[in-house]
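# Understanding the architecture of this molecule
The primary structure of each chain is shown beneath.
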Amino acid sequence: MPPAALWLVLGMVAAFGVAAAAFPAPAASRTNHYDFFITETKVTRLCREKSVLAVNGQFPGPTIEARRGDVVVVNVHNQGHKNITLHWHGVDQPRNPWFDGPEYITQCPIAPGASFTYTVLLSHEEGTLWWHAHSDFDRATVHGAFVVRPNKLGSTYPYPKPHGEIPVILGEWWNADVEKLLEETKRTGGDVNVSDANTINGQPGDMFPCSVAGTFRAVVERGRTYLLRVINAGLTNDMFFAVAGHRLTVVGTDGRYLKPFAADHIMIASGQTMDVLLHANNTKGGRYYMAARTFQTNPQLTVNNSTATAVLEYAGAAATPPELPALPAVGDLAAATAYTARLRSLATAAHPADVPSRVDERMVVTVSVNVLPCGGGPNNSNETCEGPINGTRLAASLNNVSFVSPAGVDVLDAYYSSVGGGGVYEPDFPDRPPVAFNFTEAEPATELWFTRRGTRVKVLDYGAAVEVVFQGTSILGAEPHPIHLHGYAFYVVGRGFGNFDETRDPATYNLVDPPYQNTVSVPSGGWAAIRFRATNPGVWFMHCHFDRHTVWGMDTVFIVKNGKTPETQMMPRPPSMPKC
């Protein structure tokens, strides 16, 4: 048996043969196989043809389908022109960080012409997840849905089973080459140009030129219920989404169920997913727009405020112009806040909420866009940068550490090989902001804009109950930040505006039925508190899901140490890992 295949068999036995406390073995599991060929594919949008990276010639890419507790094996063949990795967003990957995907964090990238097989271990997840590239800006076109159904055929959902499903992947389109956009922002230190259109399932909709034929269209039958699997795959935008003529029933987020509630629209942060029921009960029948628009509160930013559309059409309807839904304005913070406040875990016997009531590790982490001095070395000290202050470039940070990914080795390999702090990373990420100030005042002092680069990580003991309070700042303008943690879902126990008060605000926490998510939107000019148990050993990336912020350094890494028993320890390094 080849070494890679042997590792897969042994890994599956280790993952599912012993019931660890944090990840109990499912009643039954199966292995699902996929082949992903990453190629340069010509697509046309907004009257222009260009070549993009795509999987199996599809944009968005193919949908992965599995059942709770399954194993998914994805053979990735990189036939493109650049290095790439893939991430399985929202999959905890118990004890299996090797196949999580972020480049130079848990693996070296897959080189052009090379292949790599990912083993994706599902555990508690059930609902809508997604997969995407986790290298540079590649996820602009390299992404797709990841659907996880109940683990047994015939199992019921905790809501009436829908008659059909409709994928709704929200994204963005640039006429320019996104790879060149990234190169330009790295060169100049300026911001990334805004996209030319928002999209639904890869299409801007029929209100844009040359877009009528490609507009996504879903046909429904009156009296039936459909599950919309909504994914925000956008690189730079949170989004409002609505369907004209219909209220929506929200039943899940990030691969976990919610207490159902009715809504005229949803707000979905970059990286998040929402499971939404649509009842095709409009007595008029006809045609209706599904529409998406950017949500952004920072007046200092230029944003794409266009509306992407798709068409919901009742079977047999005449080809009349669709109705548009009433979407909140781009900067409608009140609408976004009111929506997010309604998210609650199902908290039933079948889908319990197990919120840590005590905390072993408590962190307060500022989330900031910053600046760095232009240049910084003998070869680039004379460069001209386009940051907000003369002689600076844009950066970003967590607790004023602007994360720098290592080169030549990934963090996981360094940790596993006991390289540790020997020039690869420092295990001293701060638990508190280095400087206390009024984080949300309108115009922080200019000296507070500056940050420092570093590869600093946080080390956690196995089993520790962790609380992290993400504190937004107003440096260069207050805006929401979607923070995603790999390897874990977490309970969003609290949110608020202004500066977090450690003596007063914990009393407002919801420890009964908070939403269980993998991506939390930190409110603009406010804070969000999460709790989780560190029972998944390994190396796990945490970062803002706005890709330019990730590139600028709004990241860190949690290293969760092994437990004392074999079933609470990280799996061994697979022999097939790519080399840097």
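Residues numbered from 1 in each chain as written. Predicted model: local features only at pLDDT ≥ 70, side-chain atom pairs only at ≥ 80, totals over all residues. Heavy atoms only, no water.

## Digging into the overall build of the protein
Condition: Here a strand is any run of E in DSSP of at least two residues, a helix any run of H or I of at least four, and the numbering for each starts at the N terminus. A radius of gyration in this sense is built from C-alpha atoms; the matching globule rule multiplies 2.2 Å by the number of residues raised to 0.38. To sort residues, take the accessible area from a 1.4 Å probe on protein chains only and compare it with the maximum for the residue type: under 20% means buried, over 50% means exposed, and anything in between is partly exposed. In this analysis, two residues are considered to be in contact whenever any of their non-hydrogen atoms come within 4.5 Å of each other. Note that accessible areas follow from Shrake-Rupley with a 1.4 Å probe, and for residues the cover is restricted to the protein chains shown. Under the counting rule used here, the positive set is Lys and Arg, the negative set is Asp and Glu, and His together with the chain ends is not counted. Charge positions are represented by NZ for Lys, CZ for Arg, CG for Asp and CD for Glu.
The helix and strand tally for the protein stands at 5 helices and 32 strands. Its C-alpha radius of gyration of 23 Å places the protein within 12% of the 25 Å reference for a compact globule of 580 residues. With respect to the three principal axes, the spread of C-alpha positions in the protein is 70 × 60 × 55 Å. The 580 residues of the protein split such that 61% are buried. Pairs at least 24 apart in sequence give 81% of the contacts found in the protein among residues at least 6 apart. Put simply, the protein shows about 21600 Å² of open surface, and 52% of that area lies on carbon and sulfur atoms. In the protein, 45 positive and 52 negative side-chain charges are present, and the distance between their average locations comes to 5 Å.

## What to know about unusual backbone geometry
That bond from Phe59 to Pro60 is cis: its omega, -5°, falls within 30 degrees of zero. Along the polypeptide, Pro60 turns up in the loop between strand E2 (48–55) and strand E3 (64–67). Here the phi dihedral of Gln93 falls at roughly 50°; this positive angle occurs in a residue that is not glycine. Mapping Gln93 onto the fold places it in the loop between strand E5 (86–89) and strand E6 (115–121). Even without being a glycine, Asp136 presents a positive backbone phi close to 50°. Along the chain, the position of Asp136 falls in the loop between strand E7 (127–133) and strand E8 (143–149).

## Section: the pairing of E8
Heads up, the rule is: Criterion used throughout: strands pair if DSSP finds at least two bridges between them.
Most of E8 sits out of view: 7 of its 7 residues are buried. Pairing of E3 with E8, which is carried by 4 bridges, proceeds in the parallel orientation. Within the sheet, the bridge partner assigned to Arg67 lies in E8 and is Arg149. Looking at chain direction, E7 and E8 are connected through 6 bridges and run antiparallel. By the bridge assignment, Leu129 is partnered in E8 with Phe146.

## Things to note about the UniProt feature "domain: Plastocyanin-like" (unreviewed entry) in the protein
The line we're drawing: UniProt positions are given in the numbering used here, feature names are shortened, and annotations may be inferred rather than shown by experiment.
Sites flagged by UniProt as "domain: Plastocyanin-like" (unreviewed entry) map to residues 38–151, 165–317 and 429–563. Secondary structure content for residues 38–151 is 0% helix and 46% strand, and the end C-alpha separation is 30 Å. Along residues 165–317 one finds 7% helix and 47% strand; the C-alpha atoms at either end are 20 Å apart.

## Focus: the state of the cysteines
Here is the rule: By definition, disulfides here are pairs of cysteine sulfur atoms that lie within 2.5 Å.
The full count for this structure, using the stated rule, is 3 disulfides. Note on cysteine connectivity: Cys374 is disulfide-linked to Cys385, with sulfurs 2.1 Å apart. An S-S torsion of about 80° defines the bridge between Cys374 and Cys385 as right-handed. Here Cys385 lies in the loop between strand E20 (361–373) and strand E21 (392–398) and Cys374 lies in the loop between E20 and E21, a separation of 11 residues in the sequence.

## Here's the deal with the sheet that holds E8
Applied cut-off: Between the N-to-C directions of two axes lies an angle of 0 to 180 degrees, each axis being a line fitted to C-alpha atoms and, for a helix, fitted only over the stretch in contact.
If you walk across this open sheet you meet the 4 strands as E3-E8-E7-E5, and the pairing is mixed. The open sheet has two edge strands with one neighbour each: E3 and E5. When strand polarity is set aside, the average angle formed by the axes of neighbouring strands in this sheet is 20°.

## A closer look at the sheet that holds strand E32 (residues 555–560)
The strand order across the open sheet built from 5 strands is E24-E32-E31-E26-E29, with neighbouring strands paired in mixed fashion. The sheet is open, and its two borders are formed by strand E24 (458–460) and strand E29 (519–522), each paired with just one other strand. Going from strand to strand, the sheet's axes swing by 20° on average, the running direction of each strand aside. Of the pairings in the sheet, the one linking E24 to E32 comprises 3 bridges and is parallel in character. Each residue of the ladder has a partner; that of Leu460, found in E32, is Val560.

## A look at the packing of aromatic side chains
Using the following cut-off: Two aromatic rings, drawn from Phe, Tyr or Trp (for Trp, its six-membered ring), form a pair once their centres lie within 6.5 Å of each other, and the interplanar angle then sorts them: stacked below 30 degrees, edge-to-face above 60, tilted otherwise.
Under the defined criterion, the tally for this structure stands at 19 aromatic pairs. Ring geometry for Phe261 versus Tyr339: centroids 5.7 Å apart, planes at 55°, classification tilted. Highlighted residues: Phe261 in strand E15 (residues 256–263) and Tyr339 in helix H3 (residues 333–340), separated in sequence by 78 residues. Judged by its relative accessible area of 8%, Phe261 falls in the buried class. Summarising the aromatic geometry, the rings of Tyr488 and Trp540 are spaced 6.5 Å apart at their centres and angled 85° between planes, so their arrangement reads as edge-to-face.

## Quick notes on helix H2 (residues 178–188)
For clarity, the cut-off: Note that the arc is computed from the directions linking the helix axis to the C-beta atoms. Pairs of N or O atoms are called polar contacts if they sit within 3.5 Å, as long as, within protein, a hydrogen donor faces a hydrogen acceptor (for residues adjacent in sequence, only side-chain-to-side-chain pairs).
Listing the buried residues of H2 in full gives Val178, Leu181, Leu182, Thr185 and Thr188. Down the axis of H2, the buried set is contained in an arc of 145°. They therefore lie on one face. Residues of H2 that are exposed and point over 90 degrees away from its buried face: Lys180 and Arg187. On its buried side, H2 packs onto E21 and helix H5 (547–552). The opening residue of H2 is Asp177, an N-cap whose side-chain oxygen sits 2.8 Å from the backbone nitrogen of Glu179. Gly189 sits one or two residues past H2 and shows a positive phi near 75°.

## Things to note about H3
Three or more residues of H3 are buried, namely Ala335, Ala336, Tyr339 and Thr340. For H3, the buried positions fall inside an angular range of 125° around the axis, keeping them on one side.

## Section: the pattern of salt bridges
Short version of the rule: By definition, a salt bridge exists where a carboxyl oxygen of Asp or Glu is found within 4 Å of a side-chain nitrogen of Lys or Arg.
Enumeration according to the criterion identifies 31 salt bridges in this entry. Its salt-bridge partner being Arg68, residue Glu126 comes within 3.4 Å of it at the nearest N-O pair. A residue pair is termed long-range when its members are at least 10 positions apart, and Glu126 in the loop between E6 and E7 and Arg68 in the loop between E3 and strand E4 (71–78) qualify at 58 residues. Taking relative accessible area as the criterion, Glu126 reaches 6% and is therefore assigned buried. The salt bridge involving Arg533 is made with Asp354; its shortest N-O contact spans 3.3 Å. Pair noted here: Arg533 is in strand E30 (residues 526–533) and Asp354 is in the loop between H3 and E20, with a separation of 179 residues, a long-range link. Judged by its relative accessible area of 33%, Arg533 is partly exposed. The class for Asp354 is partly exposed, based on a relative accessible area of 48%. Within the structure, one salt-bridge network assembled from shared partners comprises Glu65, Arg149, Glu165, Arg229 and Asp275.

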